[in-house]
Amino acid sequence: MFADAHVVVVVPAFEEEARIARVLHTLPGWVDHVVVVDDNSRDRTAEAAENVGDPRVVVLRHPENRGVGAAIVSGYRHALTQTEGERDVLVVMAGDGQMDPADLPAVVAPIARGEAGYVKGERFSAPDVGAVMPKARRLGGAVFSRLTSWAIGLPIHDSQCGYTALSRAACQRLARDGALDALWPRYGYPNDLLAQLAARRISIAEVPVRPIYADEESKLRLWHLPRIARIIAKSAWTVRIARS
């Protein structure tokens, strides 16, 4: 537990056999549950997660590849069965080791204290971001963040960062409204989720996190970018209709 809130870490994973155990070994003892969602990997990602031997870890397997957003939603749905408190925290940490566990308390705290319904990590204020984050990702992230801010009417400095925390209350509301299962399942998921939260006036906070890029390979491709742009445009309409 963290500040009287139960914490569930959702780990979406696709072909992360070489890295998933390392990620799971770094999770602190105050994390109550861990849900690894193997999105139909062709390697032994699921087996590597199970072999860690951590009793907190549950591994879910998609029978077909559905996308990172769909994997997160599967993790959220399982997390809802493991918690009861409105301020319980559902954290997303990728299976590729790009998220520093040292930042976990900062990501969790605003939810546990009741200060926000959703928290996003923000990488661009890190002093070494220019040296660590590839330039194309940095520029693309900045553009999408500006567009997302315009679309939802809220300042978002790092819309594409996947290091996030969602309150159980907010997750339950999205599930009850049917919005959880309707979220875009692949790249563009973060932007769609931000729009759904903004449409419901669920408070959003950002906290600085450390950008990490080592031996992992990005699965984002150029052909994903127009699709993400379309989702952002749709987000503007979603928020405008909800607030009219």
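Note that the structure is predicted; figures quoted are calculated from it, not measured.

1. Some thoughts on the environment of Tyr 76
Consideration 1: As for its placement among the helices and strands, Tyr 76 is situated in helix α3 (residues 68–80).
Consideration 2: Classification of Tyr 76 as buried rests on a relative accessible area of 0%.
Consideration 3: Along the backbone, Tyr 76 and Val 91 are 15 residues apart, and their C-alpha atoms lie at a distance of 9.0 Å.
Consideration 4: Residues contacting Tyr 76, with those up to four places away along its chain left out, are Val 10, Leu 90, Val 92, Thr 164, Leu 166, Cys 171, Leu 180 and Tyr 189.

2. Considering the pairing of strand β2 (residues 33–38)
Consideration 1: Counting buried positions along β2 gives five out of six residues, so the element sits mostly inside the fold.
Consideration 2: Strand direction decides the pairing type here: strand β1 (residues 7–13) and β2, joined by six bridges, are parallel. Residue Pro 12 lies in a different strand from β2, and its bridge partner there is Val 37.
Consideration 3: Handedness of the β1-helix α1 (residues 20–25)-β2 crossover: right-handed.
Consideration 4: Here five bridges tie β2 to strand β3 (residues 57–61), and the two strands are oriented parallel to one another. If you follow Val 37 over to β3, its bridge partner there is Leu 60.
Consideration 5: With helix α2 (residues 45–50) bridging β2 and the parallel β3, this β-α-β connection has right-handed handedness.

3. Examining the pattern of salt bridges
Consideration 1: Applying the stated criterion to the full structure yields 10 salt bridges.
Consideration 2: Residues Arg 19 and Glu 16 are paired through a salt bridge, measuring 3.0 Å at the closest nitrogen-oxygen approach.
Consideration 3: Judged by relative accessible area, Arg 19 falls into the buried class, the value being 14%.
Consideration 4: Across the salt bridge formed by Arg 61 and Glu 50, the nearest N and O atoms sit 3.2 Å from each other. With Arg 61 in strand β3 and Glu 50 in helix α2, this pair connects stretches of sequence that are 11 residues apart.
Consideration 5: Exposure remark for Glu 50: the relative accessible area of 42% places this residue in the partly exposed category.
Consideration 6: One network of salt bridges, with partners in common, ties together Glu 47, Glu 50 and Arg 61.

4. A look at the UniProt feature "domain: Glycosyltransferase 2-like" (unreviewed entry) in the protein chain
Consideration 1: In the numbering used here, UniProt assigns the feature "domain: Glycosyltransferase 2-like" (unreviewed entry) to residues 9–172.
Consideration 2: Here residues 9–172 is 37% helix and 18% strand, with 16 Å between the C-alpha atoms at its ends.

5. Overview of the side chain of Ser 159
Consideration 1: Structurally, the position occupied by Ser 159 is in the loop between α6 (135–152) and β6 (164–167).
Consideration 2: Among the polar contacts listed, one links the side chain of Ser 159 to the side chain of Gln 160, at a separation of 2.6 Å.

6. Here we look at the packing of aromatic side chains
Consideration 1: Scanning the model with the defined rule gives one aromatic pair in all.
Consideration 2: Ring centres of Phe 2 and Trp 30 lie 5.0 Å apart, and the angle between their planes is 50°; this geometry places the pair in the tilted category. Note that Phe 2 is positioned in the segment before β1 and Trp 30 in the loop between α1 and β2, a separation of 28 residues in sequence.
Consideration 3: Taking relative accessible area as the criterion, Phe 2 reaches 19% and is therefore assigned buried.
Consideration 4: A cation over a ring is seen here: Arg 123 above Phe 124, with NZ or CZ 5.9 Å from the ring centre.

7. Overview of the sheet that holds strand β5 (residues 118–122)
Consideration 1: With respect to topology, seven strands assemble into an open sheet ordered β3-β2-β1-β4-β6-β5-β7, the strand pairing being mixed. Two strands in the sheet have a free side with no partner beyond their single neighbour: β3 and β7 (204–208). Ignoring which end each strand starts from, the neighbouring axes of this sheet average 20° apart.
Consideration 2: Along the sheet face, helix α7 (residues 168–177) touches β4 (89–92) and β6 and points at about 75° away from the line of β6.
Consideration 3: Packed on one face of the sheet, helix α9 (residues 189–199) meets β5, β6 and β7 and runs near 140° to β5.

Thresholds, definitions, all that
Residues numbered from 1 in each chain as written. Predicted model: local features only at pLDDT ≥ 70, side-chain atom pairs only at ≥ 80, totals over all residues. Heavy atoms only, no water. Helix = DSSP H or I, 4+ residues; strand = E, 2+ residues; numbered from the N terminus. Buried < 20%, exposed > 50% of the residue type's maximum accessible area, 1.4 Å probe, protein only. Contact = heavy atoms within 4.5 Å. Pairing = 2+ DSSP bridges. Right-handed = clockwise from strand over helix to strand, strands pointing away. Salt bridge = Lys/Arg side-chain N within 4 Å of Asp/Glu carboxyl O. UniProt positions renumbered as here; feature names shortened; annotations may be inferred. Polar contact = N/O pair within 3.5 Å; in protein donor to acceptor, adjacent residues only side chain to side chain. Phe/Tyr/Trp six-rings, centres within 6.5 Å; stacked < 30°, edge-to-face > 60°. Lys NZ or Arg CZ within 6 Å of the ring centre and 35° of its normal. Axes fitted to C-alpha atoms, helices over the stretch in contact; angles between N-to-C directions.

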